[in-house]
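Single-letter residue listing:
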Amino acid sequence: MRKRNLTKQKEAAMPKEMKKCACSCGSENSAEKCSDETPAAKSSPEEVKISELIHGGYEEENDKKAADLWLNAWNKIVKAHGGKKHDFYTLCETFHVKFSMDAYQWLEDMDEMFSEILCDDEKYFQKWMKFQAELLENFTDIDEDVLKDVKTSFALNHFKIGDAAGGDKIFAELINQFPEDDLLYLYWSEPYEEEAGGYEKIPADYNKALGILQKALDESDRDNLEEIEDAMKALKKKIKKN
């Protein structure tokens, strides 16, 4: 998964980029400072609370407290939709106009936050699993790349808590859905390549990792052919050494 420097983002506390978001009412003001009287430019008390929780998560130094703030915000977002399915694009527009931020970036930051916490507190896995399920259940027309990222993260988190069978199942479903995406094979092989990087609960299995990467050569579009071949060479050396 793509890595981001979450510590720096917390220190920045969402300043310049967030405030530059233009309001959709048509004025030249930012969404955060818009004085227009249209409904689109004004936030309800509940939306103000959601915004405070999200921004508070970026400012909070304790990762678990930050995660809880963000989950609280998410629960309010889901509740506001009343259990009905909504277009994911609508959620992104709401974030842009009401919260002055990028919904995609927030989802990525949540993913990294929980991935770090999962390493030493498994109870947060259930919280993260619930979030991911609600995202997929409550919003339709999710961007394909976002869908892949959410499900890939979900699979890798299974490996981090020692559930290799669960992770294998999700990756198999992903590859069945996106058979030409060779990055999925690379992500799938990761937990079996080293007993490190958060995957200490899964024994290294170089042969299995090699088999997964071989499938990438046989079935995918090979967009990342060089990276796959390098990973396979490294695995063959480890197998020979052992």
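Look above for the structure.
All chains use their own residue numbering, which begins from 1 and follows the written sequence. This being a predicted model, a pLDDT of at least 70 is required before a residue's local features are given, and a value of 80 or more before pairs of side-chain atoms are given or counted; all residues contribute to the totals for chains, interfaces and linings. For side-chain calculations, the full set of non-hydrogen atoms in the structure is used, while hydrogens and water are omitted.

**Topic: the overall build of the chain**
Alright, step 1. Each helix is a run of DSSP H or I of at least 4 residues and each strand a run of E of at least 2, with the numbering of both proceeding from the N terminus. Each helix and strand in the chain was counted, giving twelve helices and two strands.
Alright, step 2. Along its sequence from the N terminus, the chain presents helices and strands in the succession α-α-α-α-β-α-α-α-β-α-α-α-α-α.
Alright, step 3. Within the chain, the fraction of its 242 residues that count as buried is 45%.
Alright, step 4. Only heavy atoms enter the contact rule, under which two residues are in contact if any of them lie within 4.5 Å. When contacts within the chain are restricted to residue pairs at least 6 apart in sequence, those whose partners lie at least 24 apart make up 62%.
Alright, step 5. Per element, the accessible surface of the chain, about 13,000 Å² overall, is 48% carbon and sulfur. Working definition: with a 1.4 Å probe on protein chains only, accessible area under 20% of the residue-type maximum means buried, over 50% means exposed, and in between means partly exposed. To be clear on the numbers: accessible area is Shrake-Rupley with a 1.4 Å probe, and residue cover counts the displayed protein chains and nothing else.

**Here we look at the packing of aromatic side chains**
One pair of aromatic rings is described through two measures. These are the centre distance and the angle between the planes.
Alright, step 1. Two rings belonging to Phe, Tyr or Trp (six-membered ring only in the last case) form a pair when the distance between their centres is within 6.5 Å. Interplanar angles under 30 degrees mark stacking, angles over 60 mark edge-to-face geometry, and anything in between is tilted. Going through the model one piece at a time under the given rule, you end up with nine aromatic pairs.
Alright, step 2. For the pair Trp74 and Phe131, a centre-to-centre distance of 4.7 Å together with 75° between the ring planes defines the contact as edge-to-face. Of the two residues, Trp74 is situated in helix H4 (residues 63-80) and Phe131 in helix H7 (residues 123-138); the sequence distance between them amounts to 57 residues.
Alright, step 3. Both rings, one in Phe159 and one in Tyr192, keep their centres 5.4 Å apart while their planes meet at 80°; by these two values the pair is edge-to-face.

**Brief notes about the packing of helix H11 (residues 206-219) against helix H12 (residues 225-241)**
Alright, step 1. Orientation is described by axes fitted as lines to C-alpha atoms, over the contacting stretch for helices, and by angles from 0 to 180 degrees between their N-to-C directions. In contact at an axis separation of 10 Å, H11 and H12 are set at 155° when each is read in the N-to-C sense. Overall, the two elements H11 and H12 adopt an arrangement that is roughly antiparallel. The two elements H11 and H12 meet at a crossing, and its hand is left-handed. Facing H11, whose interface residues are Tyr206, Asn207, Ala209, Leu210, Leu213, Gln214, Ala216 and Leu217, H12 presents Leu225, Ile228, Ala231, Met232, Leu235, Lys236, Lys238 and Ile239. In what follows, roughly perpendicular refers to angles from 65 to 115 degrees, roughly parallel to angles under 35, roughly antiparallel to angles over 145, and oblique to any angle outside these ranges. What makes a crossing left-handed is the near helix being turned counterclockwise from the far one by less than a right angle; a clockwise turn instead makes it right-handed.

**A closer look at the pattern of salt bridges**
Alright, step 1. A pairing counts as a salt bridge when a side-chain nitrogen of Lys or Arg comes within 4 Å of a carboxyl oxygen of Asp or Glu. In this structure the tally under the stated criterion is six salt bridges.
Alright, step 2. Between Asp181 and Lys148 there is a salt bridge, and its shortest N-O distance comes to 2.9 Å. With a gap of 33 residues between them, Asp181 in the loop between helix H9 (164-177) and helix H10 (182-193) and Lys148 in helix H8 (residues 144-160) connect regions that are remote in the sequence. Take Asp181 and Lys148: they sit in the same class, and that class is buried.
Alright, step 3. Across the pair Lys208 and Asp168 runs a salt bridge whose closest N-O atoms are separated by 2.9 Å. Here Asp168 lies in helix H9 and Lys208 lies in helix H11, a separation of 40 residues in the sequence.
Alright, step 4. Taking the relative accessible area as the measure of exposure, Asp168 reaches 13% and is therefore buried.
Alright, step 5. The structure contains a network of salt bridges with shared partners spanning Glu144, Lys148 and Asp181.

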